[in-house]
Amino acid sequence: MTTSGADEIRAAGRLTGDALAGVVSVVRDTHEAIADRVFRAVGPVGWPVRAAHGVIAGGVYAIVRGAHAVLPRMIGAAAGRAWRAEQAPLSVHLAGRSGLAVVNGVWGDMLSGRHPDLATPMAVRSRGEDVPLTTGALRQAFPAATGRIVVFVHGLCETEEYWSLSARRHHGTARLTLGSRLRRDLGYTPVYLRYNSGLHVSDNGLRLSSLLTELVDHWPVAVDRLTLIGHSMGGLVIRSAGQQGADSGQRWVPAVRHVVCLGTPHLGAPLARGVHATARLLARFPESRPIGRVLSSRSAGVQDLGYGALVEQDWRDVDPAAPPRDVCTDVPFLPHAEHYFIGATLTRRPDGPLAGVLGDLLVPYASAAGRGERRYLPFAAGHGRHLGGMHHFDLLNHPAVHDQVAAWLAAEPRPAD
């Protein structure tokens, strides 16, 4: 069910108020830490000034923080009351959708609890709307449905629209995407999802498993085969769904024939680990501790990207303030499905020193390929591809990606009629 524009604008006001109040708190706590260091250096002679400073500064910050928290809420509430029912929600507009995707990626777990009107539910998407998982609704959304489904799962801070990124530049038309090509060439029906990428990967994996069960059960025609394609975090969500779906005997699991991961940080992303390490370092000093707390408030989904956590036990008993280390579970591939990966590097070759540092800007090639010292993913020979001179987001809709994925899927024998 789509959230109304009035609900969204009121929730946005509350979120903005919380964010601004948080900024004031960071400034206040940093100010207090610096002042404490100065007054400790001055000694007892500065005690009267310290007491007066504490009272005055505390009062000023309380007023400023309260104003920053309340004013956006009031504006949001007033705008919500003035919002007309016929007006489209914020999420209908491109800027609104993109902004909500980023907010969900960075603070999605917090949104689910405190601002649910802004939290994105996992849903099948078609023509800019959520599609209910009923046979009638699916038949209407996919009138040319075939028995072959390819499900696309986007990455952190993205939406389903990212799968058409740079289509006009790459293909000369905005209509050509990997999904449209697989439909044209191999008879697959592309199905796109949108979800809250700030939740734990294991939580989204569980939601995806449930969604795929409903999708297969209510698809307008009998499902012959199911292909899952994930970009970045989306590949982790797919693998988590496969593990949880197989463990619970979900009906969609045997239908999976291919899993394709594009730029997926199977072994983690250095940038996510760097944020964790920076937050720990800043927490060591009173003056920088408030900023460290801001970095530590990053979403559960971002934290999972540190080492590619797929299941609940990977994060359940882990101290978030502890030094980052790889404690992630080895999750096997689905035994009846073919698994593939494509990884990119900014450099032409994947094995140079710069390639190891830069990767595709966000994910090292070794992580995308699942080649680590402690964990090594069993991709079969010929089931991986390196693309040089590309960045992370090129993998969403580049012609070379189209060609390789289509070749892999076409090579699989079609079942007898």
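In case you missed it, the structure is sitting above this.
Novice: Would you explain the overall build of the protein chain in this entry?
Specialist: When you go through the protein chain residue by residue, the secondary structure sums to 14 helices and eight strands. Excluding contacts between residues fewer than 6 apart, the proportion of contacts in the protein chain whose partners are at least 24 apart in sequence is 80%. For the protein chain, the exposed area adds up to about 19800 Å²; of that, 60% sits on carbon and sulfur atoms.

Novice: Just checking my understanding: could you explain the packing of aromatic side chains for this structure?
Specialist: In this description, an aromatic ring pair is defined by two values, namely the gap between the centres and the angle between the planes. Under the definition given, this model contains seven aromatic pairs. Considering the side-chain rings of Tyr340 and Trp408, the 4.6 Å spacing of their centres and the 25° angle between planes classify their relative orientation as stacked. Remark: Trp408 occurs in helix α14 (residues 399–411) and Tyr340 occurs in strand β7 (residues 338–345); sequence separation between them is 68 residues. Take Tyr340 and Trp408: they sit in the same class, and that class is buried. Within the aromatic cluster, the residues linked to one another by ring pairs are Phe333, Phe341, Tyr365 and Phe379.

Novice: So what exactly am I meant to see when it comes to the pattern of salt bridges here?
Specialist: Pairs can form between side chains of opposite charge whenever their charged atoms are close. For the structure shown, the criterion picks out 15 salt bridges. For Asp130, the salt bridge is made with Arg125, and the minimal N-O distance between the two is 2.6 Å. According to the relative accessible area criterion, Asp130 is partly exposed, its value standing at 26%. The residue Arg349 makes a salt bridge to Asp351 at a minimum N-O spacing of 2.8 Å. Exposure class is identical for Arg349 and Asp351. Each is exposed. Where salt bridges share partners, they join Arg125, Asp130, Glu160 and Arg194 into one cluster.

Novice: Explain α14 to me, please; I cannot follow it from the model alone.
Specialist: Side chains three or four residues apart in an α-helix point the same way, a direct result of the helix having 3.6 residues per turn. The end-to-end C-alpha distance of α14, which contains 13 residues, comes to 18 Å, matching closely the 18 Å that a straight helix rising 1.5 Å per residue would cover. Along its buried surface, α14 packs onto α5 (167–171), α6 (178–186), β5 (225–231), β6 (256–262), β7 and β8 (384–388).

Novice: What am I meant to see in the sheet that holds β8 here?
Specialist: Sheets are built from strands that pair by backbone hydrogen bonding, the pairs being arranged parallel or antiparallel. Pairing within the open sheet is mixed, and its eight strands lie in the order β2-β1-β4-β3-β5-β6-β7-β8. Each having just a single partner strand, β2 (129–131) and β8 make up the two edges of the open sheet. Pairs of neighbouring strands in the sheet enclose a mean axial angle of 30°, with direction left out of account. As judged from the four bridges shared by strand β3 (residues 148–153) and strand β4 (residues 189–194), these two strands associate in the parallel manner. By the bridge assignment, Val151 is partnered in β4 with Val191. This element, helix α7 (residues 201–218), spans β1 (123–126), β3, β4 and β5 of the sheet and lies at about 155° to β3. The strands touched by helix α8 (residues 233–247) are β3, β5 and β6; relative to β5, the strand with the most contacts, the crossing angle is about 140°.

Novice: Please clarify how the nonpolar core should be interpreted in this entry.
Specialist: Side chains of a nonpolar character, in soluble globular proteins, are inclined to be buried together. Ranked by internal contacts, the top residues of the largest apolar core, which has 41 residues, are Val151, Val191, Leu208, Leu215, Leu226 and Trp252. Within the residue set of this core, elements represented by two or more residues are α4 (135–141), β3, β4, α7, β5, α8 and β6. With six residues, α7 is the single largest residue contributor to this core. The residues touching Leu215, leaving out its near neighbours within four places in the chain, are Val124, Leu133, Leu138, Ile149, Val151 and Val191.

Novice: Would you take a moment to explain a nonpolar patch on the surface for this structure?
Specialist: On the surface, Leu165, Leu271, Leu346, Leu354, Val357, Leu358, Leu361, Leu362 and Phe393 cluster together into a nonpolar patch covering about 780 Å² of accessible area. The greatest single-element share of the nonpolar patch, amounting to three residues, is contributed by helix α12 (residues 353–358). Along the chain, Val357 turns up in helix α12. The class of Val357 is exposed, set by a relative accessible area of 67%.

Novice: What is the right way to read unusual backbone geometry from this model?
Specialist: The backbone of Ser166 shows a phi angle near 55°, a positive value even though the residue is not glycine. Although it is not a glycine, Ser232 adopts a positive phi angle of roughly 55°.

Novice: What is the right way to look at the layout of surface pockets in this model?
Specialist: Rolled over the atoms, a probe sized like a water molecule indicates the empty space that remains. When its volume is computed, the second largest pocket comes out at roughly 660 Å³. Lining the second largest pocket are 27 residues, and of these Ser126, Arg127, Arg183, Pro190 and Tyr192 sit closest to its centre. Of all the secondary structure elements, the ones that give two or more residues to the lining of the second largest pocket are β1, α6 and β4. Residue classes in the lining of the second largest pocket are distributed as ten nonpolar, nine polar and eight charged.

Reading guide: rules and limits
Residues numbered from 1 in each chain as written. Predicted model: local features only at pLDDT ≥ 70, side-chain atom pairs only at ≥ 80, totals over all residues. Heavy atoms only, no water. Helix = DSSP H or I, 4+ residues; strand = E, 2+ residues; numbered from the N terminus. Contact = heavy atoms within 4.5 Å. Areas by Shrake-Rupley, 256 points an atom, 1.4 Å probe, with all protein chains shown as cover. Phe/Tyr/Trp six-rings, centres within 6.5 Å; stacked < 30°, edge-to-face > 60°. Buried < 20%, exposed > 50% of the residue type's maximum accessible area, 1.4 Å probe, protein only. Salt bridge = Lys/Arg side-chain N within 4 Å of Asp/Glu carboxyl O. Expected span 1.5 Å × (residues − 1). Pairing = 2+ DSSP bridges. Axes fitted to C-alpha atoms, helices over the stretch in contact; angles between N-to-C directions. Core = buried A, V, L, I, M, F, W, Y, C linked by side-chain atoms within 4.5 Å. Patch = residues over 30% accessible without salt bridge, like charges linked within 9 Å, V, L, I, M, F, W, Y side chains within 5 Å. 1 Å grid on protein atoms, 1.4 Å probe; cavity = no way out; pocket = protein on both sides within 12 Å on 5 of 7 lines; lining within 4 Å. Points joined across faces, edges and corners; volume = space filled by probe spheres on them. Nonpolar A, V, L, I, M, F, W, Y, C, P; charged D, E, K, R; others polar.

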